[in-house]
Amino acid sequence: MNIKEVSRSKLPTQWGEFTIVGFEEIYTKNHHIALIYGIKKICKTSIILTRIHSECLTGDALFSLRCDCGFQLQSALYKISKENCGILIYHRQEGRNIGLLNKIKAYNYQDKGLDTVEANHKLGFHADERDFIPCINILKILGIYNIRLLTNNPNKINFLKKNGINVINRIPLIVGHNINNNKYLNTKVIKLGHILY
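Residues numbered from 1 in each chain as written. Predicted model: local features only at pLDDT ≥ 70, side-chain atom pairs only at ≥ 80, totals over all residues. Heavy atoms only, no water.

1. Considerations on the overall build of the protein
Tallying secondary structure elements over the protein gives 8 helices and 7 strands in all. Viewed in the frame of its principal axes, the protein has a C-alpha envelope of about 50 × 35 × 30 Å. Scored against the burial criterion, the 197 residues of the protein give a buried share of 47%. Restricting the contact set of the protein to residue pairs at least 6 apart, pairs at least 24 apart contribute 59%. (Helix = DSSP H or I, 4+ residues; strand = E, 2+ residues; numbered from the N terminus. Buried < 20%, exposed > 50% of the residue type's maximum accessible area, 1.4 Å probe, protein only. Contact = heavy atoms within 4.5 Å.)

Here is the structure:
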């Protein structure tokens, strides 16, 4: 397994107290975190409410309206706290893993009329460069094999299932639609297969 747990601590938030767990990929030294709420003991039959949230500095921290990421992050943390049990993996692969500066370049192409997929292609990237193996390994390290997944992305579900994580059901996470991200969300549906209903 190409990832290890490094440390954990309490993390009080507006949604309640989470446990923050830091992970490091052994070869790349890339870092990811898990936010765990209310899980004292996990058995093989436990079904854990789960969100895999890919890093989006502009949406998560700078409150951008170009995407729905920040809205999804906050909604997921709220839902997990209300469930009183769950996990959010913060998957540190910014901009579908093209990096922050390339993401800003992609924004520039979008300002000129390209959609998110076209902008990525213009920069020489696939539509989605993310690798979810670190997330799968984090779940396995924590002993989580059965989940209810907060997602609109069926490709994520298929990838998890192929790699040993049993997705019992999908819970939609449809928030943050606004005039600024309408094209972005439509592209998610038409070109990336997301389900927004």
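On we go from here.
2. Focus on the pattern of salt bridges
Scanning all chains against the criterion turns up 10 salt bridges. The residue Lys191 makes a salt bridge to Glu118 at a minimum N-O spacing of 3.4 Å. Of the two residues, Lys191 is situated in helix 8 (residues 182–192) and Glu118 in helix 5 (residues 116–122); the sequence distance between them amounts to 73 residues. We classify Lys191 as partly exposed; its relative accessible area is 41%. Measuring nitrogen to oxygen at the nearest pair gives 2.7 Å for the salt bridge that ties Asp128 to Arg130. We classify Arg130 as buried; its relative accessible area is 18%. (Salt bridge = Lys/Arg side-chain N within 4 Å of Asp/Glu carboxyl O.)

3. Comments concerning the sheet that holds strand 2 (residues 16–25)
In spatial order, the strands read 1-2-3-5-4-6-7; together these 7 strands make up an open sheet with mixed pairing. Each end of this open sheet is capped by a strand with a single partner; those strands are strand 1 (3–13) and strand 7 (166–171). Neighbour-to-neighbour, the strand axes of this sheet turn through a mean angle of 25°, independent of strand direction. The sheet contact formed by strand 1 and strand 2 spans 10 bridges and is antiparallel. Residue Leu11 lies in a different strand from strand 2, and its bridge partner there is Phe18. (Pairing = 2+ DSSP bridges. Axes fitted to C-alpha atoms, helices over the stretch in contact; angles between N-to-C directions.)

4. Notes on the side chain of Ser54
Checked against the element boundaries, Ser54 lands in strand 4 (residues 48–54). A relative accessible area of 12% means that Ser54 is categorised as buried. Only 3.0 Å separates the side chain of Ser54 from the side chain of Arg130, close enough to count as a polar contact. Residue contacts for Ser54: discarding those within four places in its chain leaves Asp60, His91, Gln93, Arg130 and Phe132. (Polar contact = N/O pair within 3.5 Å; in protein donor to acceptor, adjacent residues only side chain to side chain.)

5. Section: the nonpolar core
The biggest cluster of nonpolar side chains holds 23 residues, and the ones touching the most others in it are Ala34, Ile87, Leu142 and Leu160. Examining the composition of this core, we find that 4 residues originate from one element, helix 6 (residues 133–141), more than from any other. Not counting the four nearest positions on each side in its chain, Ala34 is found in contact with Thr19, Ile20, Val21, Phe23, Ile87, Leu88, Ile89, Ile138 and Leu142. Judged by nonpolar contacts, the second largest core, of 13 residues, contains Phe18, Tyr37, Ile80 and Leu173. (Core = buried A, V, L, I, M, F, W, Y, C linked by side-chain atoms within 4.5 Å.)

6. Section: the packing of aromatic side chains
Within this structure, the stated rule accounts for 2 aromatic pairs. Where Phe18 meets Tyr37, the ring centres are 4.9 Å apart and the plane angle is 65°; that geometry is what we call edge-to-face. Pair noted here: Phe18 is in strand 2 and Tyr37 is in strand 3 (residues 31–37), with a separation of 19 residues, a long-range link. Both residues of the pair, Phe18 and Tyr37, count as buried. (Phe/Tyr/Trp six-rings, centres within 6.5 Å; stacked < 30°, edge-to-face > 60°.)

7. Concerning unusual backbone geometry
Of note in this structure, Lys29 is not a glycine but carries a positive phi near 65°. Position of Lys29 among the secondary structure elements: in the loop between strand 2 and strand 3. Within the chain, Asn97 stands out as a residue other than glycine whose phi angle is a positive 75°. Its place among the elements puts Asn97 in helix 3 (residues 94–97).

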